[in-house]
Amino acid sequence: MPIDAHHFREILLTAKAEFEKRVNTIHNHARDPLNADSAEQAAELGNVEVVSALENEAVQELADIDHALQRLQAGNFGICMTCGEDINHERLTARPASAECLDCAELND
Ligand SMILES: [Zn+2]
């Protein structure tokens, strides 16, 4: 099945906006811990490590999303960066920022 580039671009841009919001929220909470989600609670508890882990995770996901958008642009979206095989369509749908097929991702774990 050919990749629906437009569809995945929409999904990736939506996810990107979400993660950017999350990074901002974590930042703001670290400075002004008045809210009540997990990042805020961690900040209130002074658990800087938890907050920065959450932030790193979101920043990493943002980077993956940016790379996926670049691959869409370049026309090699949906192709495993490691072995060059097509990435399973279900896997792409579940996580559009995936840069590797399931086999390669499992090998790296
Ligand atoms: Zn692969």
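Let me sum up the structure you'll find in this document. (Residues numbered from 1 in each chain as written. Predicted model: local features only at pLDDT ≥ 70, side-chain atom pairs only at ≥ 80, totals over all residues. Heavy atoms only, no water.)

### Remarks on the overall build of the protein
Next, step 1: When helices and strands are counted, the protein shows five helices and zero strands.
Next, step 2: Counting from the amino terminus, the protein carries its helices and strands in the arrangement α-α-α-α-α.
Next, step 3: A fraction of 49% describes how many contacts in the protein between residues 6 or more apart in sequence connect residues 24 or more apart.
Next, step 4: Surface summary for the protein: the accessible area is close to 7,300 Å², and the carbon and sulfur share equals 50%. (Helix = DSSP H or I, 4+ residues; strand = E, 2+ residues; numbered from the N terminus. Contact = heavy atoms within 4.5 Å. Areas by Shrake-Rupley, 256 points an atom, 1.4 Å probe, with all protein chains shown as cover.)

### Things to note about the environment of Asn76
Next, step 1: Note on placement: Asn76 falls in the loop between α3 (48-74) and α4 (89-94).
Next, step 2: C-alpha of Asn76 to C-alpha of Ile3: the two residues are 73 residues apart in sequence and 9.8 Å apart in space.

### Some details on the nonpolar core
Next, step 1: Counting 17 residues, the largest nonpolar core has Leu12, Ile65, Leu72 and Phe77 as its most contacted members.
Next, step 2: Those elements giving two or more residues to this core turn out to be α1 (5-31) and α3.
Next, step 3: The greatest single-element share of this core, amounting to six residues, is contributed by α3.
Next, step 4: Setting aside residues up to four positions removed in sequence, Ile65 forms contacts with Leu12, Ala15, Lys16, Phe19 and Ala97. (Core = buried A, V, L, I, M, F, W, Y, C linked by side-chain atoms within 4.5 Å. Buried < 20%, exposed > 50% of the residue type's maximum accessible area, 1.4 Å probe, protein only.)

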